[in-house]
Amino acid sequence: MSSPGSITTAVLSRHRPSRPLPPLGPAGTRRRPRPPGRAQAPAHGAGRSGGGSEMAAAAAGGRGGPGRRWLLCLCLCAALLPRAARGLTEGLYCGRRVCYEVLGVSRQASKAEIARAYRQLARKYHPDRYRGEPAAPGGGGAQAAHEKFLLIATAYETLKDEETRKDYDYMLDHPEEYYRHYYHYYSRRLAPKVDVRIVILVTVCAISVFQFFSWWSSYNEAINYLATVPKYRIQATEIARQQGLLNKTKEKGKNRRSKEEIREEEEEIIKDIIKNKIDIKGGYQKPKIYDILLFQILLAPFYLCKYVVWYCWWIYCFTIKGQEYGVEEKLYIIRRYMKMSQSQFDSLEDHQKETFLERQLWIQENYEVYKREQEEELKKKMAMDPRWKRYRRWMKNEGPGRLTFIDD
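Cut-off values and rules
Residues numbered from 1 in each chain as written. Predicted model: local features only at pLDDT ≥ 70, side-chain atom pairs only at ≥ 80, totals over all residues. Heavy atoms only, no water. Helix = DSSP H or I, 4+ residues; strand = E, 2+ residues; numbered from the N terminus. Buried < 20%, exposed > 50% of the residue type's maximum accessible area, 1.4 Å probe, protein only. Contact = heavy atoms within 4.5 Å. Areas by Shrake-Rupley, 256 points an atom, 1.4 Å probe, with all protein chains shown as cover. pLDDT = per-residue confidence, 0-100. Salt bridge = Lys/Arg side-chain N within 4 Å of Asp/Glu carboxyl O. Axes fitted to C-alpha atoms, helices over the stretch in contact; angles between N-to-C directions. Parallel < 35°, antiparallel > 145°, perpendicular 65-115°, else oblique. Nonpolar A, V, L, I, M, F, W, Y, C, P; charged D, E, K, R; others polar. Patch = residues over 30% accessible without salt bridge, like charges linked within 9 Å, V, L, I, M, F, W, Y side chains within 5 Å. Phe/Tyr/Trp six-rings, centres within 6.5 Å; stacked < 30°, edge-to-face > 60°. Lys NZ or Arg CZ within 6 Å of the ring centre and 35° of its normal. Core = buried A, V, L, I, M, F, W, Y, C linked by side-chain atoms within 4.5 Å. Disulfide = S-S within 2.5 Å. Lys, Arg positive; Asp, Glu negative; His and termini not counted. Charge placed at Lys NZ, Arg CZ, Asp CG, Glu CD.

Remarks on the overall build of the chain
(1) Moving on: Counting secondary structure elements, the chain contains 18 helices and zero strands.
(2) Moving on: Looking at the chain as a whole, 20% of its 408 residues are labelled buried.
(3) Moving on: Long-range pairs, those at least 24 residues apart, make up 56% of the contacts in the chain with a sequence separation of at least 6.
(4) Moving on: When the accessible area of the chain is evaluated, it comes to approximately 32000 Å², of which 57% is carbon and sulfur surface.

Quick look at the confidence of the model for the chain
(1) Moving on: When the pLDDT values of the chain are averaged, the result is 75; 69% of them are 70 or greater.
(2) Moving on: Predicted confidence for residues 78-86 stays below pLDDT 50, and this span has six contacts to residues more than four positions away or in other chains.
(3) Moving on: This stretch, residues 134-139, has a pLDDT under 50; its non-local contacts, to residues over four places away or in other chains, come to six contacts.

Side note on the pattern of salt bridges
(1) Moving on: All chains considered together, the criterion is met by seven salt bridges.
(2) Moving on: In this structure, the salt-bridge partner of R180 is E177, at a minimum N-O distance of 4.0 Å.
(3) Moving on: Judged by relative accessible area, which is 25%, E177 ranks as partly exposed.
(4) Moving on: Residue E267 is joined to R233 by a salt bridge in which the shortest nitrogen-to-oxygen separation is 2.9 Å. Of this pair, E267 sits in helix α11 (residues 259-277) while R233 is found in helix α10 (residues 230-242), placing the two residues 34 residues apart along the sequence.
(5) Moving on: For E267, a relative accessible area of 21% translates into the label partly exposed.
(6) Moving on: Through salt bridges with shared partners, one network takes in R107, D169 and D173.

What to know about the packing of helix α13 (residues 300-320) against helix α14 (residues 327-338)
Helix packing geometry: the angle between the two helix axes and the distance between the axes.
(1) Moving on: In the contact formed by α13 and α14, the axes pass within 14 Å of each other and the chain directions differ by 110°. Regarding the angle of α13 to α14, the classification is roughly perpendicular. Residues W310, W313, W314 and F318 of α13 pack against E329, Y332 and I333 of α14.
(2) Moving on: Residues belonging to the contact of α13 with α14 are distributed by class as follows: six nonpolar, no polar and one charged.

Looking at a nonpolar patch on the surface
(1) Moving on: Residues I289, Y290, F295, L298, F302 and Y303 make up a contiguous nonpolar surface patch of roughly 590 Å² in combined accessible area.
(2) Moving on: Elements with a contribution of two residues or more to the nonpolar patch: α12 (293-298) and α13.
(3) Moving on: Assessed through its relative accessible area of 37%, Y290 is described here as partly exposed.

So, the packing of aromatic side chains
(1) Moving on: Counted according to the given criterion, the structure contains 21 aromatic pairs.
(2) Moving on: Taken together through their ring pairs, the aromatic side chains of Y307, W310, Y311, W313, W314, F318, Y325 and Y332 make up a single cluster.
(3) Moving on: Taking the ring centre of Y125 as reference, the NZ or CZ of K148 above it sits at 5.9 Å.
(4) Moving on: Taking NZ or CZ as reference, K330 lies 4.2 Å from the ring centre of W362, over its face.

Here we look at the nonpolar core
For soluble globular proteins, the rule of thumb is that nonpolar side chains tend to be buried together.
(1) Moving on: Counting residues in each nonpolar core, the largest one holds 26 residues, and the members touching the most others are L103 and Y168.
(2) Moving on: Of all the secondary-structure elements, those providing two or more residues to this core are α4 (99-103), α5 (111-125), α6 (141-160) and α7 (162-173).
(3) Moving on: Ranked by residues supplied to this core, first place goes to α5 with seven residues.
(4) Moving on: Those residues in contact with Y168, other than ones at most four positions away along the chain, are Y93, R97, V98, C99, Y100, T158 and L159.
(5) Moving on: Counting residues in each nonpolar core, the second largest holds 14 residues, with W314, C317, I333 and F356 among its members.

Here's the deal with the state of the cysteines
(1) Moving on: The tally for this structure, following the rule as stated, stands at one disulfide.
(2) Moving on: Here C94 pairs with C99 through a disulfide, and the sulfurs are 2.2 Å apart. One disulfide, between C94 and C99, carries an S-S torsion of 115° and so falls in the right-handed class.

Describing unusual backbone geometry
(1) Moving on: Of note in this structure, Y93 is not a glycine but carries a positive phi near 55°.
(2) Moving on: In this fold, Y93 is placed in the loop between α3 (65-80) and α4.
(3) Moving on: Phi is positive for K339, which is not a glycine, with a value near 55°.
(4) Moving on: The exposed category is assigned to K339, whose relative accessible area is 76%.

Some thoughts on a positive patch on the surface
(1) Moving on: Taken together, R116, R119, R123 and R129 make up a surface patch of like positive charges.
(2) Moving on: Tracing the chain through its elements places R116 in helix α5.
(3) Moving on: By relative accessible area, which is 42% here, R116 ends up partly exposed.

So, a negative patch on the surface
(1) Moving on: A contiguous patch of negative charge on the surface is contributed by E260, E261, E264, E268 and D272.
(2) Moving on: Relative to the elements of secondary structure, E264 occurs in helix α11.

Here is the structure:
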């Protein structure tokens, strides 16, 4: 008894004997012949499993898309970044040559051995000593000898200094640290030959000396001016006579002095009395050594600590405990409102300070009223001043930027 598959095959063979039959597929079915040029489709079960795997791969690709994009970005950044140096760098030290090999010494050579090797090679390749013999095996002439000498000098300059040699040895051991080698090379090469601290110290000292003598010159100018003012000169003369400095007996004989010498001596006595009796404040005050720049820099930490302590004390006494202000504290607040320095405020007369205290200007509302009064008073003075009137008349009639012609 034939199988169903064999009967089907026999029937088909009688109807189409000249055309070959396709092979049997699963469950006794025949596969449909594929057209020429088309790839063979997978089997039914395999097609389902293959399609499922492709769909899973597509889903996985969709889910992993951002991760792949991040990976691609990292790869591009890594490709764009400069690569680490894999050896000696052109432009640093001896370039592509090893300085030890240039001098013909080992890395363990001492400074004496390096200097000896340099002297020998310098005598051989120095341009002044070169007489036409080949600079190296194979020739090269004077130009090659000159380049060789420059390379030898560079190698010696690199190895004779301990710090530079240490940096160079580190570059030989760690050639991948590209930027570090460049930094150390150019920092040592471009560094000033003189210590910067010495330059700063000398500069500060020079400024301090100039500052001190400038202040002393201004102080002497102020004393010379006060000696010409009748008010202060008469007072100084009376004090000098009371002290017996101007009542000296006239000298006779060889010790007799001229009138000019006596006048100069009296002038110096009057100036000394003015210096001792008059307290000059402000820009013409007597210079003090601790006011110059050098001492201000040295005492800056002390002043800073002093200010911090004073500020904490102020907060504790007047903000936390609520104590009343004293006279010094009131004057300090008034000075802050007026935006004056300590020397400017000290130059004010005592009666002005008493007026400030009587009007209670340490209270901000009172100070605002006082400020407006001063502004109004200044406007009135300017309005009554003849020079200010002429200036306003000129601004009104002619003004700046106008051309006027005078007719003779």
